[in-house]
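Descriptive structure summary
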Amino acid sequence: MAWKSSLRAALFLTLATFAIIAASFGRSGGTNSRTAFAFTPPSSGIYIAIDCNTGLTGIQDICAVPVSASPQTLNVDIIVVNVDIVAGANVDAFNFDVRNDNQPVLNPPAGVDANKNANPDYNDTMPNASFWSCSLPPPNNDSDPSPAASTSFLSCFGAGNTAPLPPPSSLVLATVHYNIAASATGTANLSLTNASVGNGGGDEILGCSYPIPSPTPCFPAVVNVLPPTPTPTNTPTNTATATGTATDTPSPTDTATSTNTPTPTNTATATNTPTETSTATATNTATPDDSDGDGLDDDDEILIGTDPGNPDTDGDGLNDGLEVLVTFTDPIDADTDNDGLGDGQEVNSTGTNPNVADSDGDALSDGTEVNVTFTDPLDADSDGDGINDGPEVNTFSTDPNDADSDDDGLNDLQELVIGTNPNNPDTDGDTLSDGQEKLTLGTSPLLADTDGDGLSDAQEVNVTLTNPNDVDTDNDSLPDGAEVNTYLTDPNNADTDGDGVNDGGEVFTHGSDPLQPDTDSDTMPDGFEVLNSCLDVLVADALNDPDLDAVSNVAELGQLTLPCDPDTDNDGFKDKKATSQAFVNANANEDNCIINANPGQQNQDGEFINLPPSVAFDDLTNPISDALGDVCDPDNDNDGLSDVTELGGAPCASATGATNPLAEDTDGDRAADGAECFLGTNPNNAASKPPAIALFDSDLDGLSNGVEAILGTNPLLSNTDGDGMVDGAEFIRWRTNPVVADTDGDGCVDGREMATTNTDRTVNALDLQGVAVHFGPAYLLGFDINRDGVTNAIDLSLVAQQFGPC
């Protein structure tokens, strides 16, 4: 039987696979032998694989399990192999999912829902296995909701008691138990997903997600549950006697009788007597009036010129009667319509009209379409491009079997309508196909330079990246071609040199160089000189002073005043910066606020004390005084409070009076006035200063309610932005924004960035393992904060939220 042969072949292949032994990695950290992989193991690095036959040495990834009359258990090991990695060669944490895609083969245990199959457990035989702390799923839990598969997961860490994995060696991480139902057969595919292995230093040394490609491979396994091998049955020698009689009657005048008696080679007593009679009805049945049986009387055949003794006078595959009475073709002309196809071929094969040379009326004969052009003789437009086959062949020389003869994206009819060549994909020769120009770019397939700017469409699309439909892409009054070929300016930037004058203005109006921001090299940009009419863009006049304000042109550029106006702010004082620190500047040739009108020239922080004439010097009592007028000096003492605020009374709710706008620390308690106002202390009283520990902190987040109100945080919610960090920690310790979950906008919230202790941008078991390593194994039980039997990221979150003195 065929199934026996297939079974023997499968068993032979399986046994042959098991018999291939090669030096490789053992199962307990040493080096042993194993069978050859069905997959190709990497020659370097670390990988993880499924061993579906734990009874044999090495990793078996293709396994044959004989079917059993009673349920049986299949143990599958998850093994990590270190080929040659020396650094970090130990294991302190791991997690993985194992997916089974054939539940009918690996059935769940009795009484368990069909969507719940496997349950992993840590391996009791692993050296030092007792130190693993694992997150076990509920019994028989399936993490894959699909009924077509079942997935089991496991997550463990060793709290600093690392399992060695020196190169070369392997390590059994865990065992998954499957139940094979009684008499179940078939194939189950097992695959690893979300596998991660970390070392004692908190680094991930292996991470992969099969079948998604990843740097470190995850190798699957295949489990074949084979049917039992049938037991051969010895049968006695059989003797068969067969007698057959066949009678064939091909025509009324022929009778054949034959008797066959085969000689048997078997001795069993079996007798078969088949009787077979076959009768073939000929197409032509002769009668006394119709000698050739073609449906025409002999007299009629003589009359019309056919041969009464030949049913198909013209040999076209149609008998004479059919041609005369049905198809109305000429029985003495094999090709009635002279189209190159015999009448029989047209009737029986092509389905064309044997009386019409061009069945579909496309100006090509049926014979030409069938034998020459290979078009459809029953469809006038074989390729459906809107042009009949005849004109395509005889007029336009296009391919009647290809709607787009030149494959340019436009069908042949579209090209004829718009005037392009249907046999040339690039009619205008600009290296852009006609279809691309018409359908995508909107350019003309008949003009190599659609906008006439001196650049071909292809050059604009592929090289200059300008608009092939706009002669001046950047609207600077220079055509794109002139910019590229003549002036060497950027056709996509109206102001190539960034001097404030567009390229066309420089070329046609001012005569300056569009490639040089300072044509006359006088350190003043062309745009500044053009803007100020008293300057010459072509003359180096940086040191001139046309407005006679004692400030050179280039200096006016630096101080943002106008070189053609001696009093830019029109306050009666010239643009030269004042040097006097007097409370009032009396020199009309200087201005203590050159760009802000200050007609009174007041200067509150100018603190000259003019002593009596008997003293020959001035006493400068304020070392931070300056010549800057009040209008343009908002905060003379730089304490975070503007002068207007400080002079207008108490600058904040906690102040008992106005602060000194000329003193950074009014009360001398070494806290700046602005800082005291922000933290709620009195900047007028040295005894009132920011405390070491905040008071009135309703949510115990380290910030007083008053500060939270100023910051915009919620004084009743310790973590306003929900990023996993309390507001006080963000503001005081981290200086992140407590009202923005992602302060730096990098896509990772502040709490997560802080909680990923190994900086891999992922908060998982490896970070928890790092915390456990720091405190030691004696603290493992204590880390189960919520007492749910699992130490995981939830407990780490609770630690982070509640950390601090009790």
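Quantities reported herein were computed from a predicted structural model and do not represent experimental measurements.

Here the focus is the overall build of the protein. Along the backbone of the protein there are 20 helices and 23 strands. Nonlocal contacts in the protein, meaning residues at least 24 apart in sequence, comprise 47% of its contacts between residues at least 6 apart. Put simply, the protein shows about 40500 Å² of open surface, and 56% of that area lies on carbon and sulfur atoms.

With respect to the secondary-structure elements, Asp383 resides in the loop between α5 (366-373) and α6 (389-394). Aside from chain neighbours lying at most four places away, what touches Asp383 is Glu392, Asp399, Pro400, Asn401, Asp402, Ala403 and Asp412.

Let us now look at the confidence of the model for the protein. For the protein, the average pLDDT comes to 76, and 68% of its residues sit at 70 or higher. Note that residues 607-624 has pLDDT below 50 and, in this model, 22 contacts with residues that lie over four places away or in other chains. The low-confidence segment residues 800-806, where pLDDT is below 50, has zero contacts with residues more than four positions distant or belonging to other chains.

Turning our attention to a negative patch on the surface. Residues Asp289, Asp297, Asp299 and Asp300 make up a contiguous surface patch of negative charge. Within the fold, Asp289 resides in the loop between β21 (275-278) and α2 (298-304).

A few words on the nonpolar core. Counting 40 residues, the largest nonpolar core has Ile48, Phe94 and Phe96 as the members making the most contacts within it. Here this core takes six residues from strand β12 (residues 169-180), the largest share from any one element. If we skip the residues at most four places from it in the chain, Phe96 touches Ile78, Ser152, Phe153, Leu154, Ala174, Val176, Leu192, Thr193, Asn194 and Ala195. Residues Tyr47, Ala49, Val81 and Phe219 belong to the second largest nonpolar core, which totals nine residues.

The next subject is a nonpolar patch on the surface. There is a patch of nonpolar side chains on the surface, built from Leu322, Leu325 and Val326 and spanning about 260 Å² of accessible area. Residue placement: Leu325 occurs in helix α3 (residues 320-327). Judged by relative accessible area, which is 53%, Leu325 ranks as exposed.

This paragraph deals with unusual backbone geometry. In most cases, non-glycine residues show a negative phi, while peptide bonds are predominantly trans. At Ser397, a residue that is not glycine, the phi angle is positive and equals roughly 60°. Tracing the backbone shows Ser397 in the loop between α6 and α7 (412-418). The exposed category is assigned to Ser397, whose relative accessible area is 55%.

This part takes up helix α8 (residues 434-441). For α8, the set of buried residues is Asp434, Gly435 and Glu437. If you follow the buried residues of α8, they end up packed against α7 and α9 (457-464). With its phi angle positive at about 75°, Gly442 sits one or two positions after the end of α8.

A few words on the state of the cysteines. Applying the stated rule across the entire model yields four disulfides. One disulfide bridge connects Cys534 with Cys564, the sulfur atoms lying 1.8 Å from each other. On the sign convention where negative is left-handed, the bridge of Cys534 and Cys564, at about -95° about the S-S bond, is left-handed. Taken together, the residues Cys534 in the loop between α12 (526-531) and α13 (553-559) and Cys564 in the loop between α13 and β22 (608-609) connect sequence positions 30 residues apart. Covalent S-S linkage joins Cys652 and Cys677, the inter-sulfur distance amounting to 2.0 Å. Across the disulfide from Cys652 to Cys677, rotation about the S-S bond amounts to roughly -70°, and the bridge is consequently left-handed. Here Cys652 is found in the loop between α14 (643-647) and α15 (673-679), whereas its partner Cys677 is found in helix α15, with 25 residues between them in sequence. Note on Cys652: relative accessible area 17%, which makes it buried.

With that settled, consider the environment of Asn355. Summarising the element assignment, Asn355 is placed in the loop between α4 (343-350) and α5. Assessed through its relative accessible area of 35%, Asn355 is described here as partly exposed. A C-alpha to C-alpha distance of 6.4 Å links Asn355 and Thr329, two positions 26 residues apart in sequence. Sequence-distant contacts of Asn355, defined by excluding residues within four places in its chain, comprise Thr327, Phe328, Thr329, Thr336 and Asp337.

The next subject is the side chain of Asp497. The residue Asp497 is located in the loop between α10 (480-487) and α11 (503-510) in this model. Buried charge Asp497 goes without a salt bridge, the closest partner of opposite sign being Lys577 at 27 Å. Leaving out residues up to four positions away in the same chain, Asp497 has contacts with Glu506, Asp513, Pro514, Leu515, Gln516 and Pro517.

One pass over the full model with this rule turns up two aromatic pairs. On the basis of an interplanar angle of 80° and a centroid distance of 5.5 Å, the ring pair of Tyr47 and Phe219 is categorised as edge-to-face. Taken together, the positions of Tyr47 in strand β3 (residues 46-51) and Phe219 in strand β15 (residues 218-219) put the pair 172 residues apart, joining distant regions of the chain. Look at Tyr47 and you get buried, because its relative accessible area is 1%. On the basis of relative accessible area, Phe219 is assigned to the buried category, the value being 10%. With a centroid separation of 6.3 Å and an interplanar angle of 10°, the aromatic rings of Phe94 and Phe96 are classed as stacked. Taking the relative accessible area as the measure of exposure, Phe94 reaches 2% and is therefore buried. Phe96 sits in the buried class, given a relative accessible area of 1%.

Conventions adopted
- Just so you know, the residues in each chain are numbered from 1, in the order the chain's sequence is written.
- It should be noted that, the model being predicted, local features are given only for residues of pLDDT at least 70 and side-chain atom pairs only at 80 or more, the latter also being counted only at that level, while totals for whole chains, interfaces and linings use all residues.
- The basis for the side-chain values is all heavy atoms of the structure; hydrogens and waters are excluded.
- The secondary structure listing takes helices from DSSP runs of H or I that are at least 4 residues long and strands from runs of E that are at least 2 residues long, numbered from the N terminus.
- Residues are treated as being in contact if the distance between any of their heavy atoms lies within 4.5 Å.
- In short, Shrake-Rupley with a 1.4 Å probe defines the accessible areas, and a residue's cover is counted only from the protein chains shown.
- The quantity known as pLDDT measures the predictor's confidence residue by residue, on a range of 0 to 100.
- Each patch is built from salt-bridge-free residues with over 30% relative accessible area, joining like charges within 9 Å and nonpolar side chains (Val, Leu, Ile, Met, Phe, Trp, Tyr) within 5 Å.
- Here, a salt bridge means any side-chain nitrogen of Lys or Arg that lies within 4 Å of a carboxyl oxygen of Asp or Glu.
- Charge convention: Lys and Arg are scored as positive, Asp and Glu as negative, and His as well as the terminal groups of each chain are ignored.
- Here the site of a charge means NZ on Lys, CZ on Arg, CG on Asp, or CD on Glu.
- Here, the term nonpolar core denotes a set of buried Ala, Val, Leu, Ile, Met, Phe, Trp, Tyr and Cys residues that are joined through side-chain atoms within 4.5 Å.
- Partly exposed residues are those whose accessible area sits between 20% and 50% of the maximum for their type, while under 20% is buried and over 50% is exposed, using a 1.4 Å probe and protein chains only.
- The term disulfide is used for any two cysteine sulfur atoms that are within 2.5 Å.
- Working definition: a ring pair exists when centres of Phe, Tyr or Trp rings (six-membered ring for Trp) sit within 6.5 Å. Plane angles under 30 degrees give stacked, over 60 give edge-to-face, the rest tilted.

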